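# Remarks on the overall topology
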Amino acid sequence: MKEITRRALIFGAATVGAYGLLIGVQRVCMSALADDEQPEGNSGPVKIVRFADDGKSLGMANVEKIRKTRKEWKKQLSPLQYDVTRRAATEYAYSGALVNEHGSGLYRCIDCGNALFSSRTKFDSETGWPSFWSPIAAENIYEKPDASFGAVRREVKCRLCDAHLGHVFTDGPEPTGLRYCLNSAALRFIASRTP
């Protein structure tokens, strides 16, 4: 009985891994075959909270969603930034420039400049990715289910341009208990001018 159980476990793990790989390949193939002339993302106005670079809230605003073609995004972004934010890739753990950023400041979307997170909610999760326990404003991001790679997770996206930022997990610190695990390649850090 132990031999069957061990085989079932190995076969099950291999099946889940192969399924995740298949989904990833399908994403890449569908992305490559998509019409490059149509802007990506949903159209329409969105409500976000605007922030100055010093982190001061400038209030709620109704703004048009930022939509660009793949060609336009590729021209604006580095290859890694494009893969992470437009194709939902993940940078390697501990490889991102912002993992060890401990200064005061604001984290903006690399694609559109939308304010996303503050250094006040950043913490060292020891996972290899910048982690936060709360966004700077809930209106500036959104979450959606992500079942890629055989696991059900919550993907975190920029509300203004639909950039993939990372994922949110429920193993973070108080007061929220959340861990927004983000890719450095999806963020631009604006250091605070005041100590």
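First, a word on scope: everything that follows refers to the structure included in this document. (Residues numbered from 1 in each chain as written. Predicted model: local features only at pLDDT ≥ 70, side-chain atom pairs only at ≥ 80, totals over all residues. Heavy atoms only, no water.)

Attention shifts here to the pattern of salt bridges. Scanning the model with the defined rule gives eight salt bridges in all. One salt bridge connects Asp162 with Lys65, and the closest N-O pair in it is separated by 3.1 Å. Of this pair, Asp162 sits in the loop between strand 8 (153–158) and strand 9 (164–169) while Lys65 is found in the loop between strand 2 (57–64) and helix 2 (70–76), placing the two residues 97 residues apart along the sequence. (Salt bridge = Lys/Arg side-chain N within 4 Å of Asp/Glu carboxyl O. Helix = DSSP H or I, 4+ residues; strand = E, 2+ residues; numbered from the N terminus.)

Here strand 1 (residues 45–51) pairs with strand 2 via seven bridges, running antiparallel. The partner of Val46 across the bridge, within strand 2, is Val63. Between strand 1 and strand 2, which pair antiparallel in sequence order, lie five residues; one of them, Gly55, sits at a positive phi of approximately 90°. (Pairing = 2+ DSSP bridges.)

The peptide bond linking Glu174 to Pro175 adopts the cis configuration, its omega dihedral lying at 15°. Secondary-structure assignment places Pro175 in the loop between strand 9 and strand 10 (179–182). Unusually for a residue other than glycine, Glu126 sits at a positive phi of about 60°. Assignment of secondary structure puts Glu126 in the loop between strand 5 (122–123) and strand 6 (131–132). The exposed category is assigned to Glu126, whose relative accessible area is 64%. Positive phi values are uncommon outside glycine, yet Asp162 reaches one of about 65°. The class for Asp162 is buried, based on a relative accessible area of 9%. (Buried < 20%, exposed > 50% of the residue type's maximum accessible area, 1.4 Å probe, protein only.)

Since the α-helix turns once every 3.6 residues, residues separated by three or four places project in the same direction. Restricting attention to buried positions, one finds in helix 3 (residues 79–87) the residues Gln81, Tyr82, Val84, Thr85 and Arg86. Residues of helix 3 that are buried make contact with helix 2 and strand 9. Looking at the residues trailing helix 3, positive phi occurs at Ala88, about 60°. (Contact = heavy atoms within 4.5 Å.)

So, on to the side chain of Arg108. Relative to the assigned elements, Arg108 resides in strand 3 (residues 105–109). Within polar-contact distance, the side chain of Arg108 engages the side chain of Asp53 at 3.0 Å. Excluding residues that lie within four positions of it along the chain, Arg108 makes contacts with Phe51, Ala52, Asp53, Gly113, Asn114, Ala115, Leu116, Ala186, Leu187, Arg188 and Ile190. (Polar contact = N/O pair within 3.5 Å; in protein donor to acceptor, adjacent residues only side chain to side chain.)

Moving on: the sheet that holds strand 3. Taken in spatial order, the three strands line up as 4-3-11 in an open sheet, and their pairing is antiparallel. Each edge of the open sheet is held by one strand with a lone partner, namely strand 4 (115–118) and strand 11 (187–191). On average, each strand axis in the sheet is inclined to that of its neighbour by 30°, with strand direction left out of account. The sheet contact formed by strand 3 and strand 4 spans three bridges and is antiparallel. Across the sheet, the residue bridging to Leu106 is Ser118, located in strand 4. (Axes fitted to C-alpha atoms, helices over the stretch in contact; angles between N-to-C directions.)

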